[in-house]
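# Architecture and fold: a report
So the chains spell out like this:
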Amino acid sequence: LDTDAVSLNTALLLIGLDPKNARVPTMHFDPVPPAGDPVEIWVEWTEGRNTRRVRVEELLYDNRTKKTMPPGPWVYTGSTFFEGQFLATLDGVLIGFVHSPSPLIENPRAGAVGAFGSVIFNSRLGLTGGSPITLIVRAIGAKK
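Residues numbered from 1 in each chain as written. Predicted model: local features only at pLDDT ≥ 70, side-chain atom pairs only at ≥ 80, totals over all residues. Heavy atoms only, no water.

### Some points on the confidence of the model for the protein
Regions with low pLDDT carry predicted coordinates that are not meant to be interpreted in detail. Taken as a whole, the protein shows an average pLDDT of 90; of its residues, 94% reach a score of 70 or greater. Between the elements of the protein, mean pLDDT differs from a low of 86, seen in strand β9 (residues 119-121), to a high of 97, seen in strand β5 (residues 74-76). (pLDDT = per-residue confidence, 0-100. Helix = DSSP H or I, 4+ residues; strand = E, 2+ residues; numbered from the N terminus.)

Next comes the structure, spelled out in structure tokens:
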């Protein structure tokens, strides 16, 4: 993405998300799912003259289940600080799916911890590496 953690976090705060509602994972591969304000994440790109938009879950294919990630909300955790450093900036992880303290947005689904290494990019959608995309994050039920 053409952004950084502070800019994306500012945008997420401006759409009404609140880190006070978050339970940030305490470690990488935390077995307890994160909690926070729910969001939907969409990815949009151009195919010829058409614009295609899919939920981000459709881009994540799990080799264990032979399916894409089930649809549903993600949660805003807002990352955290360690020794005065904002982890989302330090690690460069803005959206995560394995329950880690670094991302601004995390996957709350159970079973995410065991998915590391088995979740790959779903190439069946026709989106190729290096293609320009638009990332859309929509707050679900956040106060304006």
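Here the narrative resumes, following the displayed structure.
### Notes on the nonpolar core
Leu12, Leu59, Trp74, Leu104 and Ile105 are the most contacted members of the largest nonpolar core, which has 24 residues in total. Sorting elements by how many residues they give to this core places strand β1 (residues 37-47) first, with four residues. If we skip the residues at most four places from it in the chain, Ile105 touches Leu12, Val39, Ile41, Trp74, Val75, Tyr76, Thr77, Leu94, Ile95, Gly96 and Val137. (Core = buried A, V, L, I, M, F, W, Y, C linked by side-chain atoms within 4.5 Å. Buried < 20%, exposed > 50% of the residue type's maximum accessible area, 1.4 Å probe, protein only. Contact = heavy atoms within 4.5 Å.)

### Quick look at the packing of aromatic side chains
For the coordinates displayed, the defined rule picks out one aromatic pair. Pairing Phe81 with Phe86 gives two aromatic rings, centres 5.1 Å apart and planes at 35°, and the pair type is tilted. Under the relative-accessibility criterion, Phe86 is labelled buried at 13%. Across the ring face of Trp42, the terminal group of Arg55 is positioned such that the distance to the ring centre comes to 5.3 Å. (Phe/Tyr/Trp six-rings, centres within 6.5 Å; stacked < 30°, edge-to-face > 60°. Lys NZ or Arg CZ within 6 Å of the ring centre and 35° of its normal.)

### A short note on the sheet that holds strand β4 (residues 67-68)
What the three strands build is an open sheet, ordered β4-β3-β9; its pairing is antiparallel. The open sheet terminates on both sides in strands that have one partner only, identified here as β4 and β9. The sheet contact formed by strand β3 (residues 60-62) and β9 spans three bridges and is antiparallel. Residue pairing across strands places Asp62 opposite Val119, the latter belonging to β9. (Pairing = 2+ DSSP bridges.)

### Notes on the side chain of His99
Position of His99 relative to the elements: it lies in the loop between α2 (87-91) and β8 (105-106). Side-chain polar atoms of His99 contact the backbone oxygen of Asn107, separated by 3.0 Å. (Polar contact = N/O pair within 3.5 Å; in protein donor to acceptor, adjacent residues only side chain to side chain.)

### A word on unusual backbone geometry
Leave glycine aside and you will find that most residues have negative phi; peptide bonds, for their part, are mostly trans. You will see that Ser79, though not glycine, has its phi angle at about 65°, which is positive. Note that Ser79 resides in the loop between β5 and β6 (81-82). A relative accessible area of 7% means that Ser79 is categorised as buried. Backbone geometry at His99 places phi at a positive 65°, although glycine is not the residue there. Look at His99 and you get buried, because its relative accessible area is 1%.

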